[in-house]
Amino acid sequence: MNFNDVPSPCISICKIDEPTQRCLGCERTIDEITRWSRMDNDSKQAVMDDLVNRRLKVANPADKQVDQRPSELTSQQTSRPSSPQASQQASQQDEQQND
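Throughout this description, residue numbers start from 1 for each chain and increase along the sequence as written. Thresholds applied to this predicted model are a pLDDT of at least 70 for local features of residues and 80 or more for the giving and counting of side-chain atom pairs; totals over whole chains, interfaces and linings are not thresholded and use all residues. Values shown for side chains rest on all heavy atoms present in the structure; no hydrogens or waters enter the calculation.

(A) Representation of the overall build of the chain within the structure. Put simply, DSSP H or I for four residues or longer makes a helix, DSSP E for two residues or longer makes a strand, and each gets a number counted from the N terminus. Per the secondary structure count, the chain includes four helices and two strands. Sequence-ordered secondary structure for the chain, helices as α and strands as β, is β-β-α-α-α-α. Taking all 99 residues of the chain together, 17% fall into the buried category. Only heavy atoms enter the contact rule, under which two residues are in contact if any of them lie within 4.5 Å. Taking the contacts inside the chain whose residues are at least 6 apart along the sequence as the reference set, 38% of them involve residues at least 24 apart. Only carbon and sulfur atoms are counted for the fraction: they give 49% of the accessible area of the chain, which is about 8,100 Å². Each residue is assigned to one of three classes by its accessible area relative to the maximum for its type, calculated with a 1.4 Å probe on protein chains only: buried under 20%, partly exposed between the two thresholds, exposed over 50%. Residue exposure ignores everything except the shown protein chains as possible cover, and the areas themselves are Shrake-Rupley values with a 1.4 Å probe.

Shown next as structure tokens:
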């Protein structure tokens, strides 16, 4: 390996995930894995750059349920204390504001 060669992202956890058809260890496709030794450094670097995005998608899947409530409602609910006494005080404050 030359000093300028892009190293393989393989971490020796070589198992293909059936739904995504990607390696669970390095996130490469079967095609990328089999072609790696024949790729030039620019092609390898392009794969490496894409792996960053793939790993981010795995860490933060788009189908994750996100709170869709209006931000003012969310901030009111998250700023309320959780003790019974504090909840009672918050309810009384809400009633006073609505009067």
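(B) Structural view of unusual backbone geometry. Positive phi, close to 60 degrees, is recorded for Ser12, a residue that is not glycine. Residue position: Ser12 is located in the segment before β1 (16–17). A residue is classified by how much of its surface remains accessible, and Ser12, at 65% relative accessible area, is exposed. Unlike most non-glycine residues, Gln21 shows phi in positive territory, near 60 degrees.

(C) Structural view of a nonpolar patch on the surface. Excluding any residue in a salt bridge, patches collect residues exceeding 30% relative accessible area, merging like charges within 9 Å and nonpolar Val, Leu, Ile, Met, Phe, Trp and Tyr side chains within 5 Å. Salt bridge, as applied in this entry: a Lys or Arg side-chain nitrogen positioned within 4 Å of an Asp or Glu carboxyl oxygen. The grouping of Ile11, Ile13 and Leu24 at the surface amounts to a nonpolar patch, some 290 Å² of accessible area in total. Mapped onto the elements, Ile13 comes out in the segment before β1. Given the relative accessible area of 48%, Ile13 is considered partly exposed.

(D) Main features of the environment of Arg35. With respect to the element layout, Arg35 can be found in helix α1 (residues 30–35). Any pair of nitrogen or oxygen atoms within 3.5 Å is treated as a polar contact; in protein, a donor-acceptor pairing is required on top of that, and neighbouring residues in sequence qualify only through side-chain atoms on both sides. Side chain to side chain, Arg35 and Asp31 meet in a polar contact 2.9 Å long.

(E) Structural detail: the state of the cysteines. The disulfide criterion used throughout: a pair of cysteine sulfur atoms within 2.5 Å. This model, assessed by the stated rule, comprises zero disulfides. The structure places no disulfide on Cys26, whose sulfur is separated from the nearest cysteine sulfur, that of Cys23, by 3.8 Å.

(F) Structural view of the nonpolar core. As used in this record, nonpolar core signifies buried Ala, Val, Leu, Ile, Met, Phe, Trp, Tyr and Cys residues forming a set joined through side-chain atoms within 4.5 Å. Core analysis: the biggest nonpolar cluster contains five residues, these being Val6, Trp36, Met39, Val47 and Leu51. Those residues within four positions of Met39 in sequence are excluded, and the remaining contacts are Glu32, Lys44 and Val47.

So, to be careful, I would describe these as geometric facts and stop short of saying anything about function.
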